[in-house]
Amino acid sequence: MGLDRAARYGIAFGGISVIVAIVLIFFYLLYVVYPLFVPADAEPLADYAVPQATAGETLLLAVEEQGEVGLRLTRGGQAVFFETASGRVIKTAALPLPPGSRITAFAAGVPESGVFALGLDSGALLLVRHVYKTAYAQDGTRSITPTLAYPYGEAPLDLAPEALVAVGVQSSDQGVTAAAVTVSGGVELIRYTKEESFLDIGGASGDFTLSRGRIAGTAANIATVLIDRIQERLYLIEESGRARFFDISEIETPRRVERLALVPAGVAIVAADFLIGTTSLLVAGDDGQVRQWFPVRSDDNEEKLKLVRSFDTVGGLAVLVPEHRRKGFATFTADGRFQLFNATAHRLALTDRLAETPVMRAALAPRANFLLAETDGGRLHWWRIHNEHPDVSWHALWRKVWYENYEEPAYIWQSSAATNDFEPKYSLVPLSFGTLKAAFYAMLFAVPVSILGAIYTGYFMAPRMRGSVKPVIEIMEALPTVILGFLAGLWLAPFLEAHLAGVFAILVITPLGILCFSYLYYLLPQWAKNRIPEGWEGALLIPGLILLVGLALALGAPLEEWLFAGDLKGWMTNDLGISFDQRNSMVVGIAMGVAVIPTIFSITEDAIFSVPKHLTQGSLARGATTGQTMVRVVILTASPGIFSAVMIGVGRAVGETMIVLMATGNTPVMDFSIFQGMRTLSANIAVEMPESEVNSTHYRVLFLAALVLFLFTFFFNTAAELVRQRLREKYSSL
């Protein structure tokens, strides 16, 4: 009794411990994933009068990397650097404007370059750069020294004999391109191209070549001029809402690509700017919508602007500010409210009220963790923003998204790239699809082989032979999957590619050959059959099976030469449009099927063998054949165990990592073809988790993928148990 009680408590403790461990795993995954869906929030830190208000209207607000120093550029030609937390002026610098000249146009390049352009009433253009030098003292205190630099000279460059009314500028390590619209509607283009040394932080240290171009006959009501980062596209946006798109890769001979309306008729453009990377164009209209456009290659191989998505805002739009390092932007309204959006996720992250007065200018810190805004009445507002994971939304995770440089919406997983302009693509659909695809092809191979083998072993095979076969197959379950993946990737995949026609021949020749062998066995005289011990018939088929497989592989090359001119893969690609990857689903199905077969076989064979003998003997005694007894009695009675075996095999296939990782191209494609690879949830986690930054969006999305995988296996196991119980209740009375 004491041993029984100890065993009962020990087993109960073990079972409860397993359940507790699973629940803890589930809640830990939720704990890591939960911050992805925490809404953004913001808090005011300071509110003070505009520094040096007498210097004139604000043209530009900017904040340096650490969020400690702000810049206010005025129409009077003053650059005022101040502490963002208090508004205390740190430094004031006067721009080298010619005496008597006025600033009539202003534009800034991408924020990280710090370059901005000033158009003057004299027709000259001045290029300036604001820089911040950071130094650390021995005690660890940090000091930031702001300054202005003139990479292309302090003297303004004469462009036209008349005033400039709109300018655009874009800078890179290789040079700068600027465009200026004159009063008469002409557009002057200049490009400085670096020849030798890299720009130093304080000014010009290399030689530059100046190129010029001109666009004539342009409308005079251009409000915004934008140049993309690679300095090949020029956008001239009119106040009426129409835009001209030019190719300026050859600046001396600009070419107009298209003209189109960016907003509906009757809607005026309030602001327009680029998202990071300068591929997408954001256009804010007075109808309260922000529209996102970017170039899409058309059928004639020409890039045309396409309206991709729009965002509804509250109130009348006044200011539009893109984030520096993410595909997000902020909008500010005439009633003092602001909103934070993410373009890729197509989501509104935050809505808050900044002040009761209209917002005139605004800037986001490079890390998007601070906000600086100027309101009507000469006040600056300094806010802290918490918006850690704006790239994630239900739409981005589970629906098609139209990404930049793609011709249409798609399910894409691509978590990193070489540049900061990258648009994160966190769709879990291709990973989930790959997981189910790998499991499907594995089960397609494993289920017939393992179940039919288990039926024969458990019901027809001689006990002595069964005693040898069953342990050998069960030992296969201990084979490490990394070994199977290694063999599949380095041997099986090249072998299948080299003998593809032979593999297809196996699928035809082997079944026909087995039928022929069976017929020949049927024709044997009874005395010959009696010499074969009962239950050993299958052993006679093994040599024939080896012979059939060898024959099919030998006939593969002649058949390929005869039917497909010696190139089966080329015929599939050119005539059927089916591409072939060496490491594909067929390789995964065979390799993972081999890993799953022992599990399904062992459980199924036990279920078949455990069917009470009186059931089979009673069926046979009543005149049923062996086959009828198998189908109508044995399989039905063993069906709960067979179904459990299959579902356990599915769970094993869904969670498999190393075979899929090593035997496929590991590409997250949405293609059900057996000749294409895939990327599964588990393989993706194994590949990318070591490279992800802890607590980053990428890191937490990988944990979300793990949670999805957990739910997959939980669903399959739960469904299997429910069906197994129903089958047990239904056939327990047999």
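Computed from a predicted structure; not experimentally measured.

> Teacher, can you tell me more about the overall build of the protein chain here?
What the protein chain contains, in helices and strands, is 15 helices and 31 strands. Whereas a compact globule of 734 residues would reach a radius of gyration of roughly 27 Å, the protein chain reaches 36 Å, over 25% beyond that. Principal-axis analysis of the C-alpha atoms places the extent of the protein chain at approximately 120 × 75 × 55 Å. A buried classification covers 49% of the 734 residues belonging to the protein chain. Counting only contacts in the protein chain whose residues sit at least 6 apart along the sequence, the fraction spanning at least 24 positions is 58%. In the protein chain, which carries 57 positive and 69 negative side-chain charges, the distance between the mean positions of the two groups comes to 8 Å.

> Can you help me understand the nonpolar core in this one?
Nonpolar side chains in soluble globular proteins tend to be buried together. Counting 73 residues, the largest nonpolar core has Leu428 and Met592 as its most contacted members. Examining the composition of this core, we find that 13 residues originate from one element, helix α15 (residues 697-731), more than from any other. Once you skip the residues sitting within four places of it in the chain, Met592 turns out to touch Ala438, Ala439, Ala442, Ala653, Glu656, Ile659 and Val660. In terms of nonpolar packing, the next biggest core, distinct from the first, is built from 21 residues, Ala93, Tyr132, Leu148 and Tyr150 among them.

> Before we go on, may I ask you to explain the sheet that holds strand β23 (residues 317-322) in this structure?
Within a sheet, neighbouring strands are paired by backbone hydrogen bonds and run either parallel or antiparallel to one another. Sheet architecture is open: four strands sit in the order β23-β24-β25-β26, paired in antiparallel fashion. Every other strand in the sheet has two partners, leaving β23 and β26 (347-353) as the edge strands with one partner each. Sheet twist, expressed as the average angle between the axes of neighbouring strands with direction ignored, equals 20°. Pairing between strand β25 (residues 337-342) and β26: six bridges, direction antiparallel. The partner of Phe341 across the bridge, within β26, is Leu348.

> Which parts of the structure should I look at to understand the side chain of Arg326?
Along the chain, the position of Arg326 falls in the loop between β23 and β24 (328-333). Among the polar contacts listed, one links the side chain of Arg326 to the side chain of Glu323, at a separation of 2.8 Å. Separated by 2.9 Å, the side chain of Arg326 and the backbone oxygen of Asn387 make a polar contact. Apart from the residues within four sequence positions on either side, Arg326 is in contact with Ile276, Ala368, Asn387, Glu388 and Pro390.

> What's the story with unusual backbone geometry in this structure? I'm lost.
With glycine set apart, most residues show a phi of negative sign, and most peptide bonds adopt trans. Its identity is not glycine, yet His346 carries a phi of approximately 55°, on the positive side. Structurally, His346 can be placed in the loop between β25 and β26. Residue class for His346 comes out partly exposed when judged on its relative accessible area of 34%. Its identity is not glycine, yet Asn405 carries a phi of approximately 70°, on the positive side. Inspection of the secondary structure assignment puts Asn405 in the loop between α2 (394-398) and β30 (413-414).

> Explanation requested: the sheet that holds strand β16 (residues 233-238) in the structure shown.
One open sheet accounts for four strands, arranged β15-β16-β17-β18; its pairing is antiparallel. Looking along the sheet, the strands with just one partner apiece sit at the ends: β15 (222-227) and β18 (255-261). Geometrically, the sheet is characterised by an average inter-axis angle of 15° between neighbouring strands, direction not taken into account. Looking at chain direction, β15 and β16 are connected through five bridges and run antiparallel. Opposite Ile227, over in β16, you have Leu234 as the bridge partner.

> Any chance you could explain helix α4 (residues 463-476) here in plain terms?
One turn of the α-helix equals 3.6 residues, which is why residues spaced by three or four share an orientation. Over its 14 residues, α4 runs 20 Å from end to end, which matches the ideal 20 Å to within 8%, given 1.5 Å per residue. For α4, the elements touching its buried residues are α3 (429-460), α8 (537-564) and α10 (585-609).

> Help me out: how do you make sense of α8 in this one?
Taking 1.5 Å of rise per residue, the 28 residues of α8 would be expected to cover 40 Å, and the 39 Å separating its terminal C-alpha atoms lies within 8% of that figure. Largest kink in α8: about 35°, centred on Gly556, with the proline Pro558 one to four residues after it. Of all the positions in α8, only Gly544, Leu548, Ala552, Gly556 and Glu560 are classed as buried. On its buried side, α8 packs onto α6 (500-523) and α9 (568-575). At the exit of α8 stands Ala565, carrying a positive phi of roughly 55°.

What counts as what
- Each chain carries its own residue numbering, running from 1 in the direction its sequence is written.
- In view of the model being predicted, local features appear only for residues whose pLDDT reaches at least 70, and side-chain atom pairs are presented and counted only at 80 or more, with totals across whole chains, interfaces and linings using the full set of residues.
- Working from all heavy atoms in the structure, the side-chain values ignore hydrogens and water.
- The secondary structure listing takes helices from DSSP runs of H or I that are at least 4 residues long and strands from runs of E that are at least 2 residues long, numbered from the N terminus.
- Both definitions apply: the radius of gyration is a C-alpha atom measure, and the globule rule equals 2.2 Å times residues to the power 0.38.
- Accessible area is worked out with a 1.4 Å probe on protein chains only. A residue is then buried under 20% of its type maximum, exposed over 50%, and partly exposed in between.
- The contact criterion used is simple: two residues touch if any of their non-hydrogen atoms lie within 4.5 Å.
- We treat Lys and Arg as the positive residues and Asp and Glu as the negative residues; His and chain ends play no part in the count.
- Every charge is mapped to an atom, namely NZ of Lys, CZ of Arg, CG of Asp or CD of Glu.
- By nonpolar core we mean a set of buried residues, namely Ala, Val, Leu, Ile, Met, Phe, Trp, Tyr and Cys, connected to one another through side-chain atoms within 4.5 Å.
- A pair of strands is treated as paired once DSSP finds two or more bridges between them.
- Here, axes are lines fitted to C-alpha atoms. For helices the fit covers the stretch in contact, and angles between N-to-C directions go from 0 to 180 degrees.
- Contacts described as polar in this section are N or O atom pairs within 3.5 Å, which, within protein, must combine one atom able to donate a hydrogen with one able to accept it, while residues neighboring in sequence count only if both atoms come from side chains.
- A helix is expected to span 1.5 Å multiplied by its residue count minus one.
- Bend is the name given here to the angle between axes fitted to two runs of seven residues, the run ending at a residue and the run starting at it.

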